[in-house]
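Below, each chain spelled out in residue letters.
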Amino acid sequence: MKKIVIMGCGRTGARLASMLDAAGHNVTVMDVDAYSFRRLSAEFKGKALVGNGIDQEALKKAGIEGAEVFIAVTQGDNRNIMAAQIAKHIFNVPRVICRIYDPLRQEIFQTLGLETISPTTIFAEIMKQKVEG
Amino acid sequence: MYIIIVGGGGVGYYLAKALLEEDHEVLIIEQNPAIAETINDELGGICTRGDGCEVITLMDAGTARADMFVAVTGEDQHNLVACQLAKHKFKVSRTIARIKNPKNATLFKKLGINVTINGTDVILEHITEEVPTHPLTHLMELPDNGMEVVEVKIPVGSASVGKAVKDLSLPAGSMLSLIIRKDQKPVVPVATTVLLAGDQVIAVTSAASEEALRAALRAS
């Protein structure tokens, strides 16, 4: 069981939080909009917290200090990058994963030491394979 | 110098204007088309429309040849990312970011941004300067060697009053550089200069010995 903090409860964040919770992890999901928590599964037993992930106080409230994993999946690339860098450099979270839509930005921040994923690159690649199939 | 400014709001606009008056080459990157157009009408075609966090925009702006890169949008995360791109992708030697949340200063410095300017702190310092117990005012940072210029006011009843500079237990790495006295010319202190109550002392210090400097000058 891992202690995981997820920032952003959109479709991806909510689904991921629900899946990790069902798998028995200790999950806290945060979002600036309480209305977004409606997306969590009915069985979700973790914590849902209103707060901004680029605010260090809010991250502390979400339990970032004891977290083993931090995941940034809001809609904003820059917001995700900054929150991930706070988690990594200020709170020394051992594993930090960050979504960056913009492939160029993703590449650069990957080389700067963040663990990043660009759904744009991955999805385009899958589509290409399907077409060329 | 070629200076790129990200964000054409109030701060960016007047900064550009001041830099143009000093004959610098200035480019503003602004996302909002209406704001970009106003700037171009009023300051001459110095504004390009685009996202200062996008590599392509920065490439078109000639960021690689910029001497200085200043990010002054209203959002800390945009300023952080823009400055990191300028620094690491385009090797701009000097990057300056505006921050709104004073707590972000540590992170920005850790990530290699040279200077952070924070309106909240500036206002706070002006407020606390008026408070008699206020210990020390930060005037300026010298980012290249981690030193800072501070101002300390010598209070009535401080143990340093009546003492010569050489007899103060100043921490290593701290240096008194100027003493400002009411109705007198500023004095450049030497070893035998005696401190008086009410003196404003301008000193250079490292952040680490700031507290020791304050104690040496103000403790009763």
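In this text the structure is predicted, and so the values were computed from the model without any measurement.

Calculation notes
Residues numbered from 1 in each chain as written. Chains lettered and ligands numbered in written order. Predicted model: local features only at pLDDT ≥ 70, side-chain atom pairs only at ≥ 80, totals over all residues. Heavy atoms only, no water. Helix = DSSP H or I, 4+ residues; strand = E, 2+ residues; numbered from the N terminus. Buried < 20%, exposed > 50% of the residue type's maximum accessible area, 1.4 Å probe, protein only. Contact = heavy atoms within 4.5 Å. Areas by Shrake-Rupley, 256 points an atom, 1.4 Å probe, with all protein chains shown as cover. Lys, Arg positive; Asp, Glu negative; His and termini not counted. Charge placed at Lys NZ, Arg CZ, Asp CG, Glu CD. Polar contact = N/O pair within 3.5 Å; in protein donor to acceptor, adjacent residues only side chain to side chain. Phe/Tyr/Trp six-rings, centres within 6.5 Å; stacked < 30°, edge-to-face > 60°. Lys NZ or Arg CZ within 6 Å of the ring centre and 35° of its normal. Expected span 1.5 Å × (residues − 1). 1 Å grid on protein atoms, 1.4 Å probe; cavity = no way out; pocket = protein on both sides within 12 Å on 5 of 7 lines; lining within 4 Å. Points joined across faces, edges and corners; volume = space filled by probe spheres on them. Nonpolar A, V, L, I, M, F, W, Y, C, P; charged D, E, K, R; others polar. Pairing = 2+ DSSP bridges. Right-handed = clockwise from strand over helix to strand, strands pointing away. Axes fitted to C-alpha atoms, helices over the stretch in contact; angles between N-to-C directions. Parallel < 35°, antiparallel > 145°, perpendicular 65-115°, else oblique. Left-handed = near helix turned anticlockwise from the far one by under 90°. Buried area = accessible area lost by both parts, 1.4 Å probe. Salt bridge = Lys/Arg side-chain N within 4 Å of Asp/Glu carboxyl O.

Turning next to the overall build of chain B. Secondary structure summary: chain B contains 7 helices and 10 strands in total. For chain B, the spread of C-alpha atoms along the three principal axes comes to 60 × 35 × 30 Å. Residue burial in chain B is summarised as follows: out of 220 residues, 45% are buried. Across chain B, contacts joining residues at least 24 apart in sequence account for 55% of those joining residues at least 6 apart. For chain B, the exposed area adds up to about 11,100 Å²; of that, 57% sits on carbon and sulfur atoms. For chain B, the separation between the mean place of its 20 positive charges and that of its 27 negative charges on side chains is 8 Å.

Here we come to the side chain of Asp21(A). Along the chain, the position of Asp21(A) falls in helix α1 (residues 11-22). Side-chain polar atoms of Asp21(A) contact the backbone nitrogen of Lys45(A), separated by 2.9 Å.

Taken as a whole and judged by the stated rule, the model has 1 aromatic pair over all chains. Between Tyr13(B) and Tyr14(B), the ring centres sit 4.9 Å apart and the planes meet at 75°, which makes this aromatic pair edge-to-face. Judged by its relative accessible area of 14%, Tyr13(B) falls in the buried class. Against the face of Tyr35(A) rests Arg38(A), its NZ or CZ located 4.0 Å from the ring centre. Stacked on the ring of Tyr2(B), the Lys or Arg Arg65(B) has its end atom at 4.0 Å from the ring centre.

Time to look at helix α4 (residues 76-89) of chain B. Its 14 residues place the ends of α4(B) 19 Å apart at the C-alpha level, agreeing with the 20 Å of an ideal helix rising 1.5 Å per residue. Of all 14 residues that make up α4(B), 11 are buried, and the element is covered over most of its length. Structurally, α4(B) contributes buried residues whose contacts are with α3 (77-89) and α4 (103-111) of chain A together with α3 (55-60), β4 (68-71), β5 (94-99) and α5 (105-110) of chain B. Residue Lys91(B) follows α4(B) closely and has a positive phi angle near 55°.

Residue and element names in this part refer to chain B. Considering all chains together, one arrives at 1 cavity of 30 Å³ or more under this definition. Taken as a whole, the largest cavity spans an internal volume of roughly 30 Å³. Every residue lining the largest cavity is listed: Lys109, Asn114, Val115, Thr116, Glu141 and Pro143. Of the residues belonging to the lining of the largest cavity, the class tally is 2 nonpolar, 2 polar and 2 charged.

Think of a ball as big as a water molecule: rolled over the atoms, this probe shows where empty space is left. All names here are of chain A. Its volume calculated, the second largest pocket comes out at about 310 Å³. In terms of lining, the second largest pocket is formed by 20 residues, of which the most central are Gly8, Gly10, Asp31, Thr74 and Gln75. Secondary-structure elements contributing two or more residues to the lining of the second largest pocket are α1 and β2 (26-31). Looking at the lining of the second largest pocket element by element, the count peaks at 3 residues for α1.

Right, let's talk about the pairing of strand β4 (residues 69-72) of chain A for a bit. Residue and element names in this part refer to chain A. The two faces of β4 match: Val69 and Ile71 on one face and Phe70 and Ala72 on the other face are all buried. Bridge count for strand β1 (residues 3-7) against β4 is 4 bridges, and the pairing is parallel. Paired with Ile4 across the two strands is Val69, which belongs to β4. When β4 meets strand β5 (residues 95-99), the two strands line up parallel, connected through 4 bridges. In the sheet register, Phe70 faces β5, and the bridge partner there is Val96. Crossover handedness for the path β4 to α3 to β5: right-handed.

Axis separation between α4(A) and α4(B) bottoms out at 11 Å; the angle between their running directions is 70°. With respect to α4(B), the element α4(A) is oriented roughly perpendicular. With respect to the hand of their crossing, α4(A) and α4(B) are arranged in left-handed fashion. Mapping the contact onto sequence places Arg105(A), Ile108(A) and Phe109(A) in α4(A) and Val81(B), Gln84(B), Leu85(B) and Lys89(B) in α4(B). Tallied by class, residues from the contact of α4(A) with α4(B) come to 4 nonpolar, 1 polar and 2 charged.

Contact with chain A, which involves 18 residues of that partner, is made by 22 residues of chain B. Three residues, Asn78(A), Met82(A) and Ile108(A), lead the burial of chain A against chain B; their summed loss comes to 30% of the area buried on that side. Counting the contacts that link chain A with chain B gives 2 salt bridges. Its salt-bridge partner being Lys103(B), residue Glu57(A) comes within 2.8 Å of it at the nearest N-O pair. For the interface between chain A and chain B, the tally reads 6 residue pairs in polar contact (both at pLDDT 80 or more). Counting residues per element, the ones that place at least two in the side of chain A that touches chain B are α2 (56-61), α3 and α4 of chain A. Per element, the largest residue contribution to the side of chain A that touches chain B is 7 residues, and it comes from α3(A). Looking at the side of chain A that touches chain B, its residues break down into 9 nonpolar, 4 polar and 5 charged.

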